[in-house]
Amino acid sequence: MTDHTPDEMMSIAAARALRDGQTCFVGIGLPSTAANLARRGHAPDLVLIYESGCLGAKPDRLPLSIGDGVLAETADAVIGVAEVFNYWLQPGRIDVGFLSAAQLDRFGNINTTVIGDYTDPKVRLPGAGGAPEIAASCREVFIIVRQTPRAFVEKVDFVTSVGHGSGPGDRARLGLRGAGPTLVITDLGILRPDPETFELTLTSVHPGVTLEQVRAATGWDLKVAPELEHTAAPTEPELAALRALKAA
Amino acid sequence: MTDHTPDEMMSIAAARALRDGQTCFVGIGLPSTAANLARRGHAPDLVLIYESGCLGAKPDRLPLSIGDGVLAETADAVIGVAEVFNYWLQPGRIDVGFLSAAQLDRFGNINTTVIGDYTDPKVRLPGAGGAPEIAASCREVFIIVRQTPRAFVEKVDFVTSVGHGSGPGDRARLGLRGAGPTLVITDLGILRPDPETFELTLTSVHPGVTLEQVRAATGWDLKVAPELEHTAAPTEPELAALRALKAA
Amino acid sequence: MARIVSLADGIAELVHDGDEVALEGFTHLIPVAAGQEIIRQGRRDLTLVRMTPDIVYDQLIGAGCARKLVFSWGGNPGVGSLHRFRDAVTHAWPVPLELVEHSHAGMANRYVAGASGLPFAILRGYAGTDLPTVTETIKFVTCPFTGERLAAVPALNPDVTVIHAQRADRAGNVQLWGITGMQKEAVLAAKRSLVTVEEVVDELTPVPGGVVLPGWAVTAVAPAPRGAHPSYAHGFYERDNDYYKQWDAISKDRDAFTGWLGDLVGSAR
Amino acid sequence: MARIVSLADGIAELVHDGDEVALEGFTHLIPVAAGQEIIRQGRRDLTLVRMTPDIVYDQLIGAGCARKLVFSWGGNPGVGSLHRFRDAVTHAWPVPLELVEHSHAGMANRYVAGASGLPFAILRGYAGTDLPTVTETIKFVTCPFTGERLAAVPALNPDVTVIHAQRADRAGNVQLWGITGMQKEAVLAAKRSLVTVEEVVDELTPVPGGVVLPGWAVTAVAPAPRGAHPSYAHGFYERDNDYYKQWDAISKDRDAFTGWLGDLVGSAR
C-alpha cells in the first residue's frame, strides 16, 4: 500500500469521482485541488468553472484564490461574475458543483455562515458565497470535507446551502432543479444519500480506516450501506500527480 | 440667403439643437444625419450611442444602418444589445433620444407600427425597435420628421412610443421618467410642447415657409406660439459640412 | 463539445418543421447562408424569432417557411420596408403570418431570461404604448420592495438558435467580435444551436471585444465562408449595401421574388 | 467627462461619513489604496458593500469606519478568516457591525438591478436556506406567466462606488481587464464613482477581455500606482500571496492590529 495522508486519500478519491468531459463548478481549497488533480490525470477535458468568471480554466499550479491570475490567463473565456451565476450556473448547464462545508448534516445540508446563534454567534464563518445557488442548480453536488463530530452534525446551526432538506421530496417542493448532493468525500470514507431516505450513508471506507473511527467522527447515528466498499488506495501516479500539483 | 433644400434645413436645425458634451441615443436615418452633423460642427464631444451596442461612435461617414462596421470600429466601447438597453438607456443616463416617426400626434406620441387597424393594416410599418424605451427613458426626446398631413395626425393609429400621452401628468402617471419630446424638428419649422397643455405648438418657421404652409401640413388645428420665431437659415459652413457628410 | 458538420447536415439535423427558430444577428454576422439552406430544405410552419428580421427573414417568409414571427423591428435597414413581410401580413401571401411584436428592450430581455434559466424578465417598458393591447406576452408586475409597476416579458427558449461567427476551433469553441448583438444569449437560451463560421482554425487567438462560446455550450458548428453575405463579418468582408438596395426591387414584386426563389432552390451552396 | 484628481482629494470629495460605499473587486483589482485612504481620512458610520470583503475591509472594520456590512463572503481568500470582521461581529470591537448577508448570486443581481435602473432583480436562489430568515432584503415573487416562485432582491445603489483599474485616458475613460468581477455594474449602480488607476495614458489601446467605462459615466479618476496591492493588477504586478498570509497574524491580535493602524494613519501614501 502506498504511504499517504488521509487528506491525500480524500483529494484523490474526490478527483476520481469526476468524469472526463464534465463541467465542474469549483470552490477554492479542497474542491479546487481535487478538480485540478482530475484534470491532470484521467479527465484532461474536465471543464473547470470558477465563480470569478473563468470558464474552462487550465491552471498549471493550484490557485490560492478563486480569482488568481492564472485562471484568467488560461481560461477559454473570462466573463463577469453576474454572467457566471445567471447565464452559466442558474440554467442548470453545469454537471457537478464541488463544495466544501464547515458543518454538514445527515441530509447533506451545508453551513458556512455561523456556529451558534446567528445574532450572537460562537464563530462567525465567511458566509454563503456562491454555494447556495451552486447547491441548487448544478446537476449534482459533490461535497469534500474532513470528517469530525464538529463538522458532521445532526442538524446544522444555519442552512447556508440546501442538500436534501429534511428528506425525500424537499428539493422538488423548494423548486431546486439539480439532484443535490450525490457524493460526500471525507478523509475517512465516502458517503452517499440513501436512495429511499436521502440520508447520508457510508458507502466506502478509506484504507486503514475502521468503521468505528468513522462512526466516532460523525455527530449522528451513521447508517452504513449493506455492501460497504473499501476505497482503492492511491496509486503511485495519483500520489505523484497530487504532490507535484501541491508543490508547484 | 443660402440655397438649400427643406431637408437640409431640417437636418441643420436638428443638429443645432444638440449641445456639446451631451449623450445622444441615435436612431438611423434623419436622426443619425443630424447627430453626426452636430458632432462634425459645434459639438465635437457629442457622445453618439447606437442601439447596436456602439457607445461613443465617431463615424467618418454616415452609417447606412445602426450596425455598420464603422460604428464598432470607432466606438469607445462595443457592448451587447441587452446591455445598451438595460445598463445605459433604462436608468436614464442618456441626455437626448433622437427619434423619427411615421405618424405623430398633437401630444408627440409616435406610431411606427401600422397605418390603419392593427389586425388588418393598410400599411405594415417596421415596428417598435428601440423607440418605446428611448422615448420613455432618455432625459428628453427630439423628433425629426417631415411635416405632412398624413404624418401629423390628430390621433396616431397605434401608440408605438409615448410622447405626452393625452396631456399634462400622463408621463408621471405611467411611470415614465424622462421629460418626453421637448422638440420636434420638421422640414417646415420647429414645434415644442406648450408648457401648460403639452400640445405641440409651432415655435419657429424655417426661411421661406409660410404659416399657412405649416398649417396645411398639419392634421390638427395647429397652435402657434405668441412669439413665433424664424429659424436662421443654414450658414455656408453648415451646408458644406452636411453635404460633405452625405457625399462621404 | 460541438460537432463540426456541413451546413446542409446541420440544418437537416437541427431545424425541424414546426420549430421555433431564432436566426440572430444585429445587422452584423447575420446567418444568411443558414437561412437560405432552411429555404432550400423546404422547412414549413416555423416560428421565426429575431429582434431585427431583415432580408433573409423576408426570403424565408416569402418562401412560405414561417407561420409566425416574433420580432421587434422588421425592415430593410437603411433602405426601407420588407415587401415579402408586408405581403404576408397584409395579404397572407404565400401563407398567413402571425405576429408577436415586442420592443428591442423587451426582446433583448426575453433572450436574457431564456439564457438565464428564468421564466421571465422585468424592464421599464411598454407603459402607455398600444403594444400590450396586441401582444399577450407583455404583462406588468409590482416590485415587492418599492411597489413600482414594471413590465414583465416571458423567456424566449427557441427550439434552435442559428448564428454566424467569425471562427471556431476544432473543439467547437466559437469566437465572434465586432457588434455581437444578442447572439450569445440566443444560443444559451436555445435547446439546440448551430453556429456557422467563416473558418475553422487550430487555435482561437484572443481578440478585443471578442465573445467566446465554449464548445460544450454549442450543439454543432458548420463552416460557411461568406455565410453572412450581404451582411458582413467584421475582419473578413464588408457589408454589401448594394445588395440591400437591390433586394428592394426583387422583393417588391411577387414574380421577381418567385424567380429569385427558384434560382436559390435550384442552386447548391 | 471624469475629472482626474489625486486619491486624497477624490476620497475627501466623494466619500462622506454615513455613506453607503462599495469598494468592489473580485480578488483582482481590489481598491486597497483607496480603502486605506478612507481609513486615513477617518470616515465613520459607513455602510460598506462588497461581495467578497477581504483584508482591506478587515482593515476598514478594524479601524472603526463601518457600522454596517452588506456582503456575501467575508474571508481572507486562500488563507482563512477575517479576524477584525469576526471581532466586530462577535465582540462589537471597536464598534458594532450590522450585517446584511446575501449569496454571491443575490449580490451580483442586486448590482445588476442597480446598474439597470430597476428596483429589484429576480433569481433562482435562497429557497430552503436560512438566509431569508435573517436578511430582510430577500423576498419571493411569482412569475406572471408560469406561476413559479422566484427570489427577489432589491437594487444596490451605493452613494459611491470605488474601483481600481489598469488605466484611464485623459478624458477619464477607464479600461480594465483580466477578472473584471462586478466593477462595471457597481460603478453604474452608484450615485458617484471614483476609479483609481495604475496609469493615465494618452490613448487606450483595445485589449482582449477589456471592459471600458466611458468617462461620462465616471465621476473622478485618481492615479494610484500599485493601488491594488496586495491584490494584483493583471499585466502590471502579481498577487502578493505572502501579504495575505502575514495579515492573518497581524489581524488576529488587537494590539498588533492597532500598531499596524497607527503606522498606516501616520503614513502618507
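Criteria and cut-off values
- Residue positions are given per chain, counted from 1 along the sequence in the order it is written.
- Throughout, the order in which chains and ligands are written sets their labels, letters from A for the former and numbers from 1 for the latter.
- The predicted origin of the model limits local features to residues at a pLDDT of at least 70 and limits the giving and counting of side-chain atom pairs to 80 or more, whereas totals for whole chains, interfaces and linings rest on all residues.
- Only hydrogens and water are removed before side-chain values are computed, so all heavy atoms of the structure are retained for them.
- UniProt positions are given in the numbering used here, feature names are shortened, and annotations may be inferred rather than shown by experiment.
- Comment: axis = line fitted to C-alpha atoms, over the contacting stretch for helices; angle = value between 0 and 180 degrees taken between N-to-C directions.
- Numbering of helices and strands runs from the N terminus, with a helix taken as a DSSP run of H or I at least four residues long and a strand as a DSSP run of E at least two residues long.
- Here the angle decides the label: under 35 degrees means roughly parallel, over 145 means roughly antiparallel, 65 to 115 means roughly perpendicular, and every other value means oblique.
- Throughout, a crossing is termed right-handed when the near helix is turned clockwise from the far one, and left-handed when it is turned anticlockwise from it by less than a right angle.
- For this analysis, residues touch if any pair of their heavy atoms sits within 4.5 Å.
- In this classification, the charged set is Asp, Glu, Lys and Arg, the nonpolar set is Ala, Val, Leu, Ile, Met, Phe, Trp, Tyr, Cys and Pro, and all remaining amino acids, among them Gly, are polar.
- The pairing criterion for strands is at least two bridges between them, as found by DSSP.
- Criterion for a salt bridge: a side-chain nitrogen of Lys or Arg within 4 Å of a carboxyl oxygen of Asp or Glu.
- The cut-offs for exposure are 20% and 50% of the maximum accessible area for each residue type, with area from a 1.4 Å probe on protein chains only; residues under the lower value are buried, those over the upper are exposed, and the others partly exposed.
- When two parts are brought into contact, each loses some accessible area as probed by a 1.4 Å sphere; the total of that loss over both is the buried area.
- We call two N or O atoms a polar contact when they sit within 3.5 Å, provided that within protein one can donate a hydrogen and the other can accept it, with sequence-adjacent residues counted only if both atoms are side-chain atoms.
- To qualify as a nonpolar core, a set must consist of buried Ala, Val, Leu, Ile, Met, Phe, Trp, Tyr and Cys residues joined through side-chain atoms within 4.5 Å.
- Multiplying 1.5 Å by the helix residue count minus one yields the expected span of that helix.
- What the arc measures is the spread of directions leading from the helix axis to the C-beta atoms.

Where an unreviewed UniProt entry is consulted, chain C appears under the name Glutaconate CoA-transferase subunit A, with the organism given as Labedaea rhizosphaerae. For chain C, the Sequence similarities (unreviewed entry) comment in UniProt is given as "Belongs to the 3-oxoacid CoA-transferase subunit B family."

Chain A is annotated in an unreviewed UniProt entry as Glutaconate CoA-transferase subunit B from Labedaea rhizosphaerae. Comment text from UniProt for chain A, heading Sequence similarities (unreviewed entry), reads "Belongs to the 3-oxoacid CoA-transferase subunit B family."

Here the focus is the packing of helix H3 (residues 55–62) of chain D against helix H8 (residues 241–252) of chain D. Residue and element names in this part refer to chain D. Direction vectors running N to C along H3 and H8 enclose 25 degrees, while the axes themselves pass 11 Å from each other. In terms of axis orientation, H3 runs roughly parallel to H8. Classified by chirality, the crossing of H8 by H3 is left-handed. Only Tyr243, Tyr244, Trp247 and Ser251 of H8 make contact with H3, whose side of the interface consists of Ile55, Asp58 and Gln59. Residues belonging to the contact of H3 with H8 are distributed by class as follows: four nonpolar, two polar and one charged.

Residues and elements named next belong to chain B. Running from N to C, helix H1 (residues 6–16) and helix H2 (residues 30–40) point in directions that differ by 60 degrees, and their axes come no closer than 8 Å. The pairing of H1 with H2 is recorded here as oblique in orientation. Two packed elements cross with a definite hand, and for H1 against H2 that hand is right-handed. Contact residues: H1 offers Met10, Ser11, Ile12, Ala14 and Ala15, while H2 offers Leu30, Thr33, Ala34, Leu37 and Ala38. Within the contact of H1 with H2, the residues separate by chemical class into eight nonpolar, two polar and no charged.

Residue and element names in this part refer to chain C. Spatial strand order, S6-S8-S7: three strands in an open sheet with antiparallel pairing. Looking at which strands have only one partner, the edges of the open sheet turn out to be strand S6 (120–123) and strand S7 (139–142). For this sheet, the mean angle separating the axes of adjacent strands, direction not counted, is 40 degrees. In this sheet, strand S8 (residues 149–154) lies alongside S7 in antiparallel orientation, the contact comprising four bridges. Along S8, the bridge assignment pairs Val141 with Leu150. Relative to S6, helix H5 (residues 104–115) is tilted by about 140 degrees, and along the sheet it contacts S6 and S8.

This brings us to the pattern of salt bridges. Throughout the structure, instances matching the rule amount to 47 salt bridges over all chains. Where A:Asp170 meets A:Arg173, a salt bridge forms, and the shortest distance between an N and an O atom there is 2.5 Å. With A:Asp170 and A:Arg173 both in helix H6 (residues 170–174) and three residues apart, the pair spans about one turn of that helix. The exposed category is assigned to A:Arg173, whose relative accessible area is 62%. Between C:Glu101 and B:Arg124 there is a salt bridge; the shortest N-O distance is 2.5 Å. Of this pair, C:Glu101 sits in strand S5 (residues 98–101) while B:Arg124 sits in strand S9 (residues 121–124), which puts the two residues in different chains. When sorted by exposure, C:Glu101 lands in the same class as B:Arg124, which is buried. The structure contains a network of salt bridges with shared partners spanning A:Arg106, A:Glu154, A:Glu199 and A:Lys223.

What follows is about the side chain of A:Glu83. By the element assignment, A:Glu83 lies in helix H4 (residues 81–89). Overall, A:Glu83 belongs to the buried group, its relative accessible area being 17%. Each residue touching A:Glu83, except ones within four places of it in the same chain, is listed here: A:Trp88 and C:Lys184.

What follows is about the interface of chain D and chain A. Of the residues lining the interface, 41 residues belong to chain D; the matching set on chain A comes to 40 residues. Carbon and sulfur atoms make up 62% of the surface buried where chain D meets chain A, a total of about 3,400 Å² over both sides. Three residues, D:Arg124, D:Asp130 and D:Ile179, lead the burial of chain D against chain A; their summed loss comes to 17% of the area buried on that side. Linking chain D with chain A are one salt bridge, by the criterion used here. Summed over the shared surface of chain D and chain A, the result is 16 residue pairs in polar contact (both at pLDDT 80 or more). Mapped by element, the contributors of at least two residues to the side of chain D that touches chain A are helix H4 (83–91), strand S5 (98–101), helix H5 (104–115) and helix H6 (131–134) of chain D. Top contributing element to the side of chain D that touches chain A by residue count: H5(D), with five residues. Across the side of chain D that touches chain A, the residue classes break down as 19 nonpolar, 17 polar and five charged.

A few words on the interface of chain B and chain C. Contact with chain B, which involves 40 residues of that partner, is made by 41 residues of chain C. Here chain B packs against chain C, burying approximately 3,400 Å² in sum over the two surfaces, 62% of which is carbon and sulfur. The largest share of the area that chain B buries against chain C comes from B:Leu64, B:Arg124 and B:Pro126, three residues that together contribute 20% of it. For the pair chain B and chain C, the number of links is one salt bridge. Our enumeration of links across chain B and chain C arrives at 16 residue pairs in polar contact (both at pLDDT 80 or more). For the side of chain B that touches chain C, the elements supplying multiple residues, two or more each, are helix H3 (69–74), helix H4 (81–89), S9 and helix H5 (131–137) of chain B.

Here we take up the nonpolar core. Of all hydrophobic cores here, the largest spans 352 residues; its most connected members are C:Leu48 and D:Leu48. For C:Leu48, the contacting residues outside a window of four places in its chain are C:Val21, C:Leu23, C:Tyr57, C:Leu60, C:Ile61, C:Ala66, C:Lys68, C:Leu69 and C:Val70.

Residues and elements named next belong to chain B. An ideal rise of 1.5 Å per residue puts 16 Å on 12 residues; helix H8 (residues 236–247) measures up with 16 Å between its terminal C-alpha atoms. Within H8, burial applies to Leu239, Leu242 and Leu245. What you see down the axis of H8 is that its buried residues fit within an arc of 130 degrees, all on one side. Away from its buried face, by an angle of more than 90 degrees, H8 presents the exposed residues Glu236, Pro237 and Ala247. Along its buried surface, H8 packs onto H1 and H2.

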